[in-house]
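So the chains spell out like this:
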2 protein chains.
Amino acid sequence: METDKLTVLTIKYLKDNSKETFKEMVEELHPYDFAELYRALPEKHHFKFLTYLSTKHIAALMMELEPDMQKEVLLKLGIEKSSKIMDIMDNDDLADLLSEISEEELEEYLAAMQQDESQAVQQLMSYEPETAGGIMTSEFVWLRDYYTVRDAVEKFKSFAEITRNIYYLYVIDEEKKLVGVVSYRDLLLADMDEKIHDIMFNRVLSVSLDTDQEDVAQLIQRYDFLAVPVVDEKEALKGIVTVDDVIDVIHDEAQEDIEKLSASGKDIDFQTTASVAAYRRLPWLILLLFIGLVSGGILDSFENTLDQVVALIFFMPMIAGMTGNTGTQSLAVVVRGLVTNDIDRKTVTKLVWREFKVGIIIGLVCGLLVFLVAMAWQSFMFGIVVGVSLIATILIGTMAGTIIPLILYRVGLDPAVASGPLITTLNDIFSLLIYFGIATSLMHFLI
Amino acid sequence: METDKLTVLTIKYLKDNSKETFKEMVEELHPYDFAELYRALPEKHHFKFLTYLSTKHIAALMMELEPDMQKEVLLKLGIEKSSKIMDIMDNDDLADLLSEISEEELEEYLAAMQQDESQAVQQLMSYEPETAGGIMTSEFVWLRDYYTVRDAVEKFKSFAEITRNIYYLYVIDEEKKLVGVVSYRDLLLADMDEKIHDIMFNRVLSVSLDTDQEDVAQLIQRYDFLAVPVVDEKEALKGIVTVDDVIDVIHDEAQEDIEKLSASGKDIDFQTTASVAAYRRLPWLILLLFIGLVSGGILDSFENTLDQVVALIFFMPMIAGMTGNTGTQSLAVVVRGLVTNDIDRKTVTKLVWREFKVGIIIGLVCGLLVFLVAMAWQSFMFGIVVGVSLIATILIGTMAGTIIPLILYRVGLDPAVASGPLITTLNDIFSLLIYFGIATSLMHFLI
């Protein structure tokens, strides 16, 4: 936990060549802690740090590091040592790492690895990244239903190394079809001579290789599972997705929604450099810039109205702003709702109708407030123009914020690409058209 | 999984009084499935459905339902039956339920419950809701380090009922201080005669009762734990937080961030009625409405400038919009970053400096583009005014989006209350001041 203290100690041990004391310290640490320590350590100490760690510990460290640091470790270790580490790493983490390196390096590493590990990881790498196949591990322990609990525990013991993050044992039939599941708790509670068949749970929920990772996460979240089995089209067990991977999926998907809703581009965190961050944000901004210029064109076409009633300009930023705000609110409700709801025609109709009513209520309240302000400042008719425009634009804003993401979802696009800034910019255009349209048609009352 | 089919079957069994067939069907379902079934069933069947379920199944159902439906079930069951259900429910879920009902009802239920359960849940209800104490369960199994594995398994078997969602056994000393942890896996791998002392892991990470739930979630996420123990100020074990609760925390916190970033108010989902949704969204909108009117006042004060160069108006929506967009982008990066980063002076300085550079780069690119457009349309000097204004407003927008949430965080407020709409509305004001300020000072070049 106290990385600073650990770092100082580690540097001391490395300098004093106190390998034994160092090893005792490392034994008490969690993999996340070695990774923090590795990050905190000045680069000149990295190589010696790695030589002091056992192969097992380096594998645990690798699984916690980000891709850039993983590559640094591989480079420092060389191909031969690296391939030994890769043999021990969890297959799902290894597949992620290998998908980051160049084609030639990949071949060298795969050739140096144990054949079965190398084949298993190549199989995993062939699945789409954001699916059950892409996030599952192919390391699991299977049982047959005629085993006794004693057989199961024996098998479990002999595969102890790969059961670290696995919480259920899966039961398959002669065709490798998944037929049941047994938890560690079930094994502990049962007598040694009971048959697996009698203690297993039959109605196993599973996902297929191409199930979207968000759906896998939803299943685990709903049922409070620790893992979910992944089967192929013949219902043969191919791997498992564990709860720790699902937590990362939930975290990342929420992060992605926020990035898209704010049009901030992919993967910008506190460590991203300014030029990369600017490069990732610019495409959306340039698009929004040109859409924003359309607003200017609209104003230009109403120049006549503007010349006659200059006061109209003063309410323009507020009207455009409010349309954007109400649109952003609806958008956020729709985008998050799509994550947790099953969508059918009935749900959509109900939602659109609800937001319509929300738009009316909000429009009436805000319209009335602004009518009073505008009337006090100019005239009754001016108040009417501003108030009615605000009601209309808020309603349009709410509807745009609701319907645009629903249409995107319907045509198979991610609804979150209809970002707050995009909805706001589009709503600017709608609001100017309505505001100056109403003002122009009522012009003879205003002057 | 197929709720529609299940619903039809259930109605049939209820109408035919086929209690036994109904029971067989329910045995194969997960708690989440009964809850879906209960929601899908027309209300007139609810009472009979409940009478057909065992006490254990009703308790499981209750833990999946939302507060309104839980209250409906309690009402249908009556105090006596309800208190029996409450005795079986997990303490953390029960504490959440009881905090939703009225003072008098609460006393009635607590009086009807078993004394030890009632005391345990009252203790839980006394902790703050969004802390480790508020989300933990006080049902866990403890061991002493001199137990053998056989003793531990025996104790585990005798507490089988409460170990459903528990994945580790905690080892305490004579003062109830937490001294170690043993997983089910450790027990399965060990020999029956080994001492717990020899197989337990000593360096147990724990949280205290008042640790924020987000920090608990972060700990579990970092270390891939299935549960984390909660201790009081004397390091005595008081409860545990399990990974399924943490998944809900991560999900809810992301949801809250999105709600706040879009100023859409708390807790609006697809089921919320229009009037409630409008009521929750209006406070922010009315605030934004009045801030938006300030923009009008600014325009009013530049009336002279506007009269002389009407073309300035046409770029106004774009400039205001771009300032809002860049501000929203920075805001999202900062708000999400604050969730996952440990914040110190160095990190903040680095971040502000990074965003400053991002603002400069984005400002230069967008400023140049708009300079070309404005020059082509009006004049070189006009292009300079619009371009320079855009650079300055984008820089201000980026800085406002970065610094405002950081200040809120520093003074202990939630940075996400600086919503996208708020930043956008404030940035409208800044952008108008800068744009017309620059235009006014360069007026003699423009006319």
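Please refer to the structure higher up on the page.
This section reports on the structure supplied with the text.

So, how was this worked out
Residues numbered from 1 in each chain as written. Chains lettered and ligands numbered in written order. Predicted model: local features only at pLDDT ≥ 70, side-chain atom pairs only at ≥ 80, totals over all residues. Heavy atoms only, no water. Helix = DSSP H or I, 4+ residues; strand = E, 2+ residues; numbered from the N terminus. Rg over C-alpha atoms; globule rule 2.2 N^0.38 Å. Buried < 20%, exposed > 50% of the residue type's maximum accessible area, 1.4 Å probe, protein only. Areas by Shrake-Rupley, 256 points an atom, 1.4 Å probe, with all protein chains shown as cover. Lys, Arg positive; Asp, Glu negative; His and termini not counted. Charge placed at Lys NZ, Arg CZ, Asp CG, Glu CD. Pairing = 2+ DSSP bridges. Contact = heavy atoms within 4.5 Å. Axes fitted to C-alpha atoms, helices over the stretch in contact; angles between N-to-C directions. Phe/Tyr/Trp six-rings, centres within 6.5 Å; stacked < 30°, edge-to-face > 60°. Lys NZ or Arg CZ within 6 Å of the ring centre and 35° of its normal. 1 Å grid on protein atoms, 1.4 Å probe; cavity = no way out; pocket = protein on both sides within 12 Å on 5 of 7 lines; lining within 4 Å. Points joined across faces, edges and corners; volume = space filled by probe spheres on them. Nonpolar A, V, L, I, M, F, W, Y, C, P; charged D, E, K, R; others polar. Domains from an automatic or database assignment. Core = buried A, V, L, I, M, F, W, Y, C linked by side-chain atoms within 4.5 Å.

**Looking at the overall build of chain A**
A count of helical and extended segments in chain A gives 22 helices and 6 strands. Against the globule reference of 22 Å for 447 residues, chain A gives a C-alpha radius of gyration of 30 Å, more extended than a compact globule. Dimensions of chain A along its principal axes, counting C-alpha atoms only, are 90 × 60 × 40 Å. Put simply, chain A has 447 residues, and 57% of those count as buried. About 19300 Å² of surface is accessible on chain A, with carbon and sulfur atoms providing 56% of the total. The distance from the centre of the 37 positive side-chain charges to the centre of the 69 negative ones in chain A is 3 Å.

**Overview of the sheet that holds strand E4 (residues 207-208) of chain A**
All names here are of chain A. Sheet architecture is open: 3 strands sit in the order E4-E5-E6, paired in mixed fashion. Both edges of this open sheet fall to E4 and strand E6 (237-242), since each of them pairs with a single strand only. Bridge analysis of E4 against strand E5 (residues 227-231) gives 2 bridges, and the strand direction is parallel. Within E5, the position partnered with Val 207 by the bridge is Val 230. Relative to the sheet, helix H14 (residues 213-223) contacts E4, E5 and E6, its axis offset from that of E5 by approximately 140 degrees.

**Let's talk about the packing of aromatic side chains**
All chains considered together, the criterion is met by 32 aromatic pairs over all chains. With centroids separated by 6.4 Å and ring planes inclined at 70 degrees, the aromatic side chains of Trp 377 of chain B and Phe 382 of chain B adopt a geometry described as edge-to-face. Here the aromatic cluster, defined as three or more aromatic residues joined through ring pairs, consists of Phe 22, Tyr 38, Phe 49 and Tyr 52 of chain A. Sitting above the plane of the Trp 142 of chain A ring, Lys 155 of chain A keeps its charged end 3.4 Å from the centroid.

**A few points about the layout of surface pockets**
Residues and elements named next belong to chain B. Space inside the second largest pocket adds up to approximately 630 Å³. Looking at the lining of the second largest pocket, the element that brings in the most residues is helix H9 (residues 115-125), giving 5 residues. Here the residues of the lining of the second largest pocket sort into 12 nonpolar, 3 polar and 6 charged. Each of domain 1 (3-135) and domain 2 (142-257) contributes no fewer than three residues to the lining of the second largest pocket.

**With respect to the nonpolar core**
Core analysis: the biggest nonpolar cluster contains 189 residues, and Leu 187 and Ile 196 of chain A together with Leu 187 and Ile 196 of chain B have the highest contact counts within it. Dropping the residues within four chain positions of it, Ile 196 of chain A is found in contact with Leu 143, Arg 144, Asp 145, Tyr 147, Thr 148, Val 149, Ala 152, Val 171, Val 182 and Leu 187 of chain A. Counting residues in hydrophobic clusters, the runner-up holds 87 residues, among them Phe 314, Met 322 and Ile 429 of chain A together with Ile 362 of chain B.

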